[in-house]
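A look at the structure
Okay, here's what each chain looks like letter by letter:
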Amino acid sequence: MSWRTVVISRRCKLDLSMNYIEIRGMETQRVHLSEINTLIIGTTAVSLTSALLCELMHRKVKVVFCDEKRNPQSELVPYYGSNDCSVSIKKQIAWSEYNKLSVWTAILKEKLNMQKTLLSYMGEKEKADKINAYIAEITLGDKSNREAHAAKLYFAALFGDGFNRGHLTPTNAALDYGYTLLLSAFNKEIVSSGCITQIGIFHDNIYNPFNLSSDLMEPFRPLVDEVVLGLDSNNFAKEEKYALLDLFSQKVEIAGQHQHISNAIRLYTKSVLKALNEGDLTQISFYKPIRKEKLLFKLAKKEASLSDTEQEA
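Heads up: these notes are all about the structure in this document. By convention here, each chain's residues receive numbers from 1 onward along its written sequence. pLDDT decides what is reported in this predicted model: residues at 70 or higher carry local features, side-chain atom pairs at 80 or more are listed and counted, and totals for whole chains, interfaces and linings draw on all residues regardless. In computing side-chain values, all of the structure's heavy atoms are included and hydrogens and water are not.

This brings us to the packing of aromatic side chains. Working definition: a ring pair exists when centres of Phe, Tyr or Trp rings (six-membered ring for Trp) sit within 6.5 Å. Plane angles under 30 degrees give stacked, over 60 give edge-to-face, the rest tilted. What the rule picks out here adds up to 11 aromatic pairs. Ring centres 5.2 Å apart and planes at 70 degrees place the aromatic pair Tyr154 and Phe155 in the edge-to-face group. Type-normalised accessible area, obtained with a 1.4 Å probe on protein chains alone, sets the label of each residue: buried when under 20%, exposed when over 50%, and partly exposed for intermediate values. Owing to a relative accessible area of 0%, Tyr154 belongs among the buried residues under this scheme. Of the residues examined, Phe155 reaches a relative accessible area of 14% and is grouped as buried. Ring geometry for Phe220 against Tyr287: centres 4.6 Å apart, planes inclined by 40 degrees, an arrangement best described as tilted.

Written out as structure tokens, the structure is:
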């Protein structure tokens, strides 16, 4: 089972050699293709062979290309993700509006539940309880827009009352980077399941080629938020990007097992598609975070800062 995320950050040439990806730079390195879940080309100073790209697509390895600023810009998606993709796409087109709304409402409730869980972990009990109340108020399709009310409360609790997702800040850059990686992971699993990413269950933007991925990824966003919470809020560079990439090697609980997040995304995606095809919400497998007893990095730093102040006083 593939599990490794390989990031290419320096000038080199990538080639296929006996089921290995061969990385020729200052020195030559090799990684077996069976280990690779995602390949990120993090610099424009890389050349690679078409033979390698074809084999990566054959093995359903996600390939993400970054721009000159080393931010994700595009990805490689195979035309055919499974042998029965035509059947899967026909089923996807035939999903009933009621099934789509029911599944979307379940996904939305779970997203807010994960936001509530993170706030509880931070010790923000009052705000977590408020989001819990929003969850109880969500109706089919969330016509009262409880999600937006929860988001305003949630982001203010994480990053401060003045935080705005529309501002150009290192924190927003980190969130966007993490969400883009998350979106890419869902694109891979949706295509591998034989469906297409353009037809969503709630998102329906004609300029968004990843509507379904945008739907399914919602409950996983708080995992990115938690990583960003622990980063330096004044900087977004190489170390911060690696911290977000490392997220996919972390584990969560899903379907009674501990799985890497990349594998959990696959299991969850398959379960949602099954629920849509069968009209049965009980088919959906949501994840549960696995957290150690230690506090989040940023919270620990704040406590250390308070302790230093008390000693000086």
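Looking now at the sheet that holds strand S5 (residues 36-41). Here, a strand pair is defined by DSSP locating no fewer than two bridges between the strands. Comment: elements are numbered from the N terminus, with helices defined as DSSP H or I runs of at least four residues and strands as E runs of at least two. If you walk across this open sheet you meet the four strands as S1-S5-S7-S8, and the pairing is mixed. The open sheet is flanked by strand S1 (4-8) and strand S8 (72-76), the only strands paired with a single partner. Averaged over neighbouring strand pairs, the angle between their axes works out to 20 degrees when direction is ignored. As paired elements, S5 and strand S7 (residues 62-66) share four bridges and run parallel to each other. Bridge assignment links Thr38 to a residue of S7, and that residue is Lys62. An axis is simply a line fitted to the C-alpha atoms; with a helix, the fit covers only the stretch in contact. Between two such axes, the angle follows the N-to-C directions and lies from 0 to 180 degrees.

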